Amino acid sequence: MEATLQWISANQQMIYIVILMIFLGIEIIGRVPSVLHTPLMSGANAIHGVVIIGAIIVMGRASEHNYLALILGFLAVILGTLNVVGGFVVTDRMLEMFKKKK
Amino acid sequence: MKFDILTICYIVAAVTFIVGLKMLSSPATARRGNLVAAAGMFIAIVGTIFLYKDEDGLPLHNYAWIFAALIIGAIIGVVAAKKVKMTAMPEMVSFFNGMGGACAALISVIEFDYVFRAAEKMNYVHFSEGVVPGHYLAIVAGSIIGSVSFAGSMVAWGKLNGSFKDVIFKAQHTINLLIFAGVIVLAIITFFAVNAYADYFFIATVILALIYGVLFVLPIGGADMPVVISLLNSFTGVAAACGGFLYNNKAMLTGGILVGAAGTLLTILMCKAMNRSLTNVLIGSFGGNETSG
């Protein structure tokens with residue numbers, strides 16, 4: 001119990017961010033027109049690719065003899081990059097298509 | 001001093017994610033919004049590679065590995081995204097989402113391995129002695145949510161490109177709930193387990209989470225797939241945020257939770273546009289009377 005409370009006070013900034021971002025996330029896309037649903041989903045998909053930062057940190061901190069961390073980290077960076085790069089490019093292509101239609 | 005520049009990079013990235021998402025939700029600015037978010041992501045990635053310092057003030061190493069992985073991922077990503085047909089866009093999104101989920105799960109698995117080895121070195125009898133509950137929660141939540149998102153997205157991807165059919169069997173919903181309960185129970189057992197066995201329980205947790213992800217998406221009809229992809233998208237956001245907790249990284253946390261919240265709302269909006277409720281989509285295909293979902 002005490003450890004949990006300590007963890008909460010040690011991470012209070014993070015917890016504030018979580019709470020504020022939940023409300024902000026709901027607020028900023030509240031009035032999206034339905035034609036933009038799929039591109040918005042795709043754009044959001046690219047944004048959560050920020051997880052790649054974690055993969056880079058894992059990879060960069062792994063010691064040279066820890067093969068498990070090296071191999072899994074390497075894989076994680078590849079997959080994360082796929083998510084980020086692919087996500088943004090696909091979103092851009094989708095939105096490009098929207099322009100042509102008009 | 002360098003560390004402060006990285007902090008600024010992360011703040012800039014977090015702001016571009018928020019602004020980018022905002023711009024993406026209006027037709028006139030959508031395309032620019034995507035570019036804004038991409039620019040922020042680029043800053044965050046480059047900043048992390050060159051400026052990150054761990055608690056002991058040491059910079060990252062293994063640069064060759066990092067750059068090799070970045071280049072491989074970027075090439076495959078661009079080629080796949082450029083080649084895909086316009087009609088196949090949603091399945092591509094699902095595929096990339098699955099990659100993000102897998103990435104989040106892998107990070108958590110590696111982090112578990114660190115904690116586990118540290119506990120082994122200290123000769124702790126129980127795994128729980130070596131880890132703060134909050135830290136373990138972030139690890140296990142990241143690996144479970146990431147695995148579910150990865151497996152689910154892959155099934156959604158396979159269904160949209162025709163390699164998977166809907167699979168419906170009796171009492172499916174009950175079985176899924178039981179499996180999900182099993183994942184939670186295993187996650188708790190891992191925490192309290194004797195240290196020598198903690199890793200086996202953790203691996204079992206991850207595997208069962210993967211199975212749950214597959215079973216969760218299997219019964220859902222093809223027409224409802226975009227809704228499910230959007231839901232899994234928000235799952236991956238939450239998994240990414242768990243990674244943010246692990247590394248005390250506010251850019252990951254901001255991006256992850258932002259997508260988690262916006263993705264959940266977007267899922268509901270998509271259901272509304274189709275005149276259905278989310279529960280209806282998730283259990284509708286087998287017309288169960290159960291209301292949970």
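The rules we used
- Along each chain, numbering runs from 1 in the same order as the chain's sequence is written.
- All chains are assigned letters beginning with A, and all ligands numbers beginning with 1, in the order in which they are written.
- The model is predicted, so local features are restricted to residues of pLDDT at least 70 and side-chain atom pairs to those at 80 or more, both for listing and for counting; the totals for chains, interfaces and linings are taken over all residues.
- Based on all heavy atoms of the structure, the side-chain values leave hydrogens and waters out of the count.
- UniProt positions are given in the numbering used here, feature names are shortened, and annotations may be inferred rather than shown by experiment.
- Secondary structure is summarised from DSSP: a helix means a run of H or I of at least four residues, a strand means a run of E of at least two, and numbering begins at the N terminus for each.
- Our radius of gyration is a C-alpha quantity, and the globule rule it is checked against amounts to 2.2 Å times the number of residues to the power 0.38.
- For the exposure calls, accessible area comes from a 1.4 Å probe over protein chains only, and a residue counts as buried if that area is under 20% of its type's maximum, exposed if over 50%, partly exposed in between.
- In what follows, a contact means two residues having at least one pair of non-hydrogen atoms within 4.5 Å.
- Note on patches: the residues involved have over 30% relative accessible area and no salt bridge, like charges join within 9 Å, and the nonpolar side chains Val, Leu, Ile, Met, Phe, Trp and Tyr join within 5 Å.
- Accessible areas in this description were obtained via Shrake-Rupley with a 1.4 Å probe; residue shielding takes into account the shown protein chains only.
- Definition used for salt bridges: Asp or Glu carboxyl oxygen within 4 Å of a side-chain nitrogen of Lys or Arg.
- Residue ranges assigned to the domains are those given by an automatic or database domain assignment.
- Every helix has an expected span of 1.5 Å times one less than the residues it contains.
- Buried area is calculated as the accessible area (1.4 Å probe) missing from two parts once they are joined, with the contributions of both summed.
- Pairs of N or O atoms are called polar contacts if they sit within 3.5 Å, as long as, within protein, a hydrogen donor faces a hydrogen acceptor (for residues adjacent in sequence, only side-chain-to-side-chain pairs).
- Gly falls in the polar group here, along with every residue not listed as nonpolar (Ala, Val, Leu, Ile, Met, Phe, Trp, Tyr, Cys, Pro) or charged (Asp, Glu, Lys, Arg).

Looking at an unreviewed UniProt entry, chain A carries the name proton-translocating NAD(P)(+) transhydrogenase, with the source organism given as Hydrotalea sandarakina. UniProt's Subcellular location (unreviewed entry) comment on chain A is quoted here verbatim: "Cell inner membrane". For chain A, the Function (unreviewed entry) comment in UniProt is given as "The transhydrogenation between NADH and NADP is coupled to respiration and ATP hydrolysis and functions as a proton pump across the membrane."

Where do I start with the overall build of chain B in this structure?
When its secondary structure is counted, chain B shows 10 helices and 0 strands. The helix and strand sequence of chain B, counted from the amino end, reads α-α-α-α-α-α-α-α-α-α. For chain B, whose C-alpha radius of gyration is 20 Å, the value lies close to the compact-globule estimate of 19 Å for 293 residues. In terms of overall dimensions, chain B has a C-alpha envelope of 55 × 55 × 30 Å along the principal axes. Counting across all 293 residues of chain B, residues that qualify as buried make up 52%. When contacts within chain B are restricted to residue pairs at least 6 apart in sequence, long-range pairs at least 24 apart make up 72% of them.

Looking at this model, I keep getting lost on a nonpolar patch on the surface. Mind explaining?
Residues and elements named next belong to chain B. Together, Phe-42, Val-46, Phe-50, Phe-67, Ile-71, Ile-75 and Val-79 give the surface a local cluster of nonpolar side chains, amounting to about 660 Å² of exposed area. If you list the elements that add at least two residues to the nonpolar patch, you get helix H2 (30–51) and helix H3 (63–83). Per-element tally for the nonpolar patch: the top contributor is H3, with 4 residues. Mapped onto the elements of the fold, Ile-75 is located in helix H3.

What is the right way to look at unusual backbone geometry in this model?
If a residue is not glycine, its phi is most likely negative; likewise, a peptide bond is most likely trans. Residues and elements named next belong to chain B. You will see that Asn-248, though not glycine, has its phi angle at about 55°, which is positive. With respect to the element layout, Asn-248 can be found in the loop between helix H8 (225–246) and helix H9 (250–273). Phi at Asn-275 takes a positive value of approximately 65°, unusual for a residue other than glycine. Topologically, Asn-275 is positioned in the loop between H9 and helix H10 (278–284).

Looking at this structure, I do not really get the domain arrangement of chain A. What am I missing?
How big an interface is tends to be stated in terms of accessible area lost as the parts join. Along its sequence, chain A is organised into domain 1 (1–31) and domain 2 (33–102). Measuring from the centre of the C-alpha atoms in domain 1 of chain A to the corresponding centre in domain 2 of chain A gives 23 Å.

Is there a simple way to think about H2(B) in this case?
Owing to its 3.6 residues per turn, the α-helix aligns residues three or four sequence positions apart on the same side. Counted at 1.5 Å a residue, the expected span for H2(B) with its 22 residues is 32 Å, and the 31 Å between its end C-alpha atoms agrees. Residues Ala30(B), Gly33(B), Asn34(B), Ala37(B), Gly40(B), Met41(B), Ala44(B), Ile45(B), Gly47(B), Thr48(B), Ile49(B) and Leu51(B) constitute the buried set of H2(B).

Would you explain the interface of chain B and chain A in this entry?
The partner chain A presents 80 residues to the 92 residues of chain B that form the contact. Summing the contributions of chain B and of chain A, the shared interface buries around 7,900 Å²; its carbon and sulfur component is 79%. By the criterion of area lost to chain A, the three top residues of chain B are Arg31(B), Trp65(B) and Phe245(B), representing 8% of everything that side buries. On the surface where chain B and chain A come into contact, there are 2 salt bridges. Between Arg31(B) and Asp92(A) there is a salt bridge whose closest N-O contact spans 3.0 Å. Our enumeration of links across chain B and chain A arrives at 16 residue pairs in polar contact (both at pLDDT 80 or more). Those elements that place two or more of their residues in the side of chain B that touches chain A are helix H1 (2–24), H2, H3, helix H4 (89–121), helix H5 (133–160), H8 and H9 of chain B. Residues that form the side of chain B that touches chain A fall into these classes: 61 nonpolar, 22 polar and 9 charged.

Quick question: what am I supposed to make of the UniProt feature "transmembrane region" (unreviewed entry) in chain A here?
Under the UniProt annotation, "transmembrane region" (unreviewed entry) lies at residues 14–32, 44–62 and 68–91 of chain A. As annotated, residues 44–62 of chain A comprises 74% helix and 0% strand, and the C-alpha atoms at either end are separated by 29 Å.

Is there a simple way to think about the pattern of salt bridges in this case?
A side chain of one charge can pair with a side chain of the opposite charge if their charged atoms are brought near each other. Enumeration over the complete set of coordinates arrives at 4 salt bridges over all chains. Across the pair Asp113(B) and Arg117(B) runs a salt bridge, and its minimum N-O distance is 3.0 Å. Linking Asp113(B) with Arg117(B), this pair stays in helix H4, spanning 4 residues, or about one helical turn. Looking at Arg117(B), the relative accessible area reads 39%, which means it is partly exposed. Each member of the salt-bridge network shares a partner with another, and the members are Asp92(A), Glu96(A) and Arg31(B).

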